Amino acid sequence: MNEKWTSECGTVTLYLGDCLEILPTLAPGSVDAVVTDPPYGMAYQSGWRSVQHGMIANDDNTCLLSWSCDWARTHCNHSSYLFCRWDNLPDVSFPDGFVVWIKNNHTSGDLEHSHARITEGILFYRGRDHDFPNGRPRDVVFCDRVNTDRHPTEKPVKLMCDVISWTRGTVVDPFMGSGSTGVAAALMRRPFIGIELDERHFAIAKRRIQDELKKVAFLEPKKP
């Protein structure tokens, strides 16, 4: 069942539903920046922990990653950043840049014949109105990975703040997960549109973003 929630301040809109259906309903020209972590064919399954996560929806192929890159390239005013693996490059439209996230923990994988990976990739596509708001950033970003029970591939809020700082305008995350991009956008006072298919993850994201908006409102100077 689809659900739409808009914050009291009007700067955040969250959708529970399929981004393939919801994105076409957004107002033309309303998407300035896409910052998202789409399923990219890992068939990810979490390890044993206090909460055992299920499989990520649509993560058994790269179709949504390819589609996301094409959609972002043609609909974003400013810029798009999409997480991926190094071996996803043949699956997507050739990017304008490739950023490497150093996350300071390595994957298991092939312990005998593969280097231990401590990185994740971020595809960069520039829009027609692109610039770098805070000067030209490096193509490497350092941030420790978070390990929570909220989502199997949750991204650190600090990392998402770094990525958002390379963009302007309204931030859109079609694969919102547990809401780290939305929390970062609220922290940075940026308009945000988030879409999530999984009901549990949507509820977590909504609560986290609501909590961050309350903190931001509390810290705002009171009008006389």
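Reading guide: rules and limits
- Along each chain, residue indices are assigned from 1 in the same order as the chain's sequence is written.
- Local features in a predicted model are, by the rule used here, given only for residues with pLDDT of at least 70; side-chain atom pairs are given and counted only at 80 or more, and totals for whole chains, interfaces and linings are based on all residues.
- Only hydrogens and water are set aside when side-chain values are computed; all heavy atoms of the structure are taken into account.
- Helix and strand definitions here come from DSSP, where helices need a minimum of 4 consecutive H or I residues and strands a minimum of 2 consecutive E residues; each element is numbered from the N-terminal end.
- Two residues qualify as a contact provided that any one of their heavy atoms is within 4.5 Å of a heavy atom in the partner residue.
- Shrake-Rupley sampling with a 1.4 Å probe provides the accessible areas, and residues are treated as covered by the protein chains on show and by no other component.
- Fitting a line to C-alpha atoms yields each axis, with helices limited to the stretch in contact; the angle taken between N-to-C directions then spans 0 to 180 degrees.
- Take the far helix as your reference; a near helix turned counterclockwise from it by less than a right angle gives a left-handed crossing, and one turned clockwise gives a right-handed crossing.
- Aromatic rings from Phe, Tyr and Trp, taking only the six-membered ring of Trp, are treated as a pair when their centres fall within 6.5 Å; an angle between ring planes under 30 degrees marks them as stacked, one over 60 as edge-to-face, and anything in between as tilted.
- Throughout this description, buried means an accessible area under 20% of the type-specific maximum (1.4 Å probe, protein chains only), exposed means over 50%, and partly exposed covers the range between.
- Whether two strands pair depends on DSSP finding at least two bridges between them.
- By the criterion applied in these results, polar contacts are pairs of N or O atoms within 3.5 Å in which, for protein atoms, one can donate a hydrogen and the other can accept it, and in which residues neighboring in sequence qualify only through two side-chain atoms.

Draft legend 1. Looking closely at the overall build of the protein. Within the protein one finds 5 helices and 9 strands. If you list the helices and strands of the protein from N to C, you get β-β-α-β-α-β-β-β-β-α-β-α-β-α. Counted over contacts in the protein with a minimum sequence separation of 6, partners at least 24 positions apart contribute 68%. For the protein, the computed accessible surface area is about 12000 Å², with 54% contributed by carbon and sulfur atoms.

Draft legend 2. Looking closely at the packing of helix H3 (residues 157-164) against helix H4 (residues 180-187). In contact at an axis separation of 8 Å, H3 and H4 are set at 65 degrees when each is read in the N-to-C sense. Pair H3 / H4 crosses with right-handed handedness. Of the residues in H4, those touching H3 at Val157, Met160, Cys161 and Ile164 are Ser180, Thr181, Val183, Ala184, Ala185 and Leu187.

Draft legend 3. Representation of the packing of aromatic side chains within the structure. Counted according to the given criterion, the structure contains 5 aromatic pairs. Between Tyr81 and Phe124, the ring centres sit 5.1 Å apart and the planes meet at 20 degrees, which makes this aromatic pair stacked. With Tyr81 in strand E4 (residues 79-84) and Phe124 in strand E6 (residues 119-126), the pair connects residues that are 43 residues apart, well separated along the chain. Tyr81 gets classed as buried once you look at its relative accessible area, which sits at 1%. Put simply, the rings of Tyr81, Phe124, Phe132 and Trp166 touch in pairs and so form one group of aromatic residues.

Draft legend 4. Broad picture of the environment of Arg200. Tracing the backbone through its elements, the reader meets Arg200 in helix H5 (residues 199-219). For the pair Arg200 and His151, spaced 49 residues apart in sequence, the C-alpha separation works out to 9.6 Å.

Draft legend 5. Seen up close, the sheet that holds strand E9 (residues 192-196). Spatially, the 9 strands line up as an open sheet ordered E1-E2-E9-E8-E3-E4-E6-E5-E7, and their pairing is mixed. The open sheet has two edge strands, strand E1 (3-6) and strand E7 (140-142), and neither has a second partner. Neighbouring strand axes in the sheet, compared pairwise and without regard to direction, differ in orientation by 20 degrees on average. The sheet strands contacting H4 are strand E3 (33-36), strand E8 (171-173) and E9, and the helix crosses E9 at an angle near 165 degrees.

Draft legend 6. How the structure looks around the environment of Asn77. Along the polypeptide, Asn77 turns up in the loop between helix H2 (63-75) and E4. Given the relative accessible area of 9%, Asn77 is considered buried. Separated by 45 residues in sequence, Asn77 and Asp32 have C-alpha atoms that sit 4.6 Å apart. Leave out the neighbours within four places in its chain, and Asn77 touches Gly29, Val31, Asp32, Gly127, Arg128, Asp129 and His130. At 3.0 Å, the side chain of Asn77 and the backbone oxygen of Gly29 are in polar contact.

Draft legend 7. Seen up close, unusual backbone geometry. Phi at Arg189 is positive, roughly 60 degrees, even though this residue is not glycine. The residue Arg189 is located in the loop between H4 and E9 in this model. Overall, Arg189 belongs to the partly exposed group, its relative accessible area being 46%.

Draft legend 8. Layout of the side chain of Lys206. Here Lys206 lies in helix H5. Here the side chain of Lys206 touches Glu3 through a polar contact of 3.4 Å, side chain to side chain. If we ignore the near neighbours within four places in the chain, the residues touching Lys206 are Glu3, Trp5 and Leu14.

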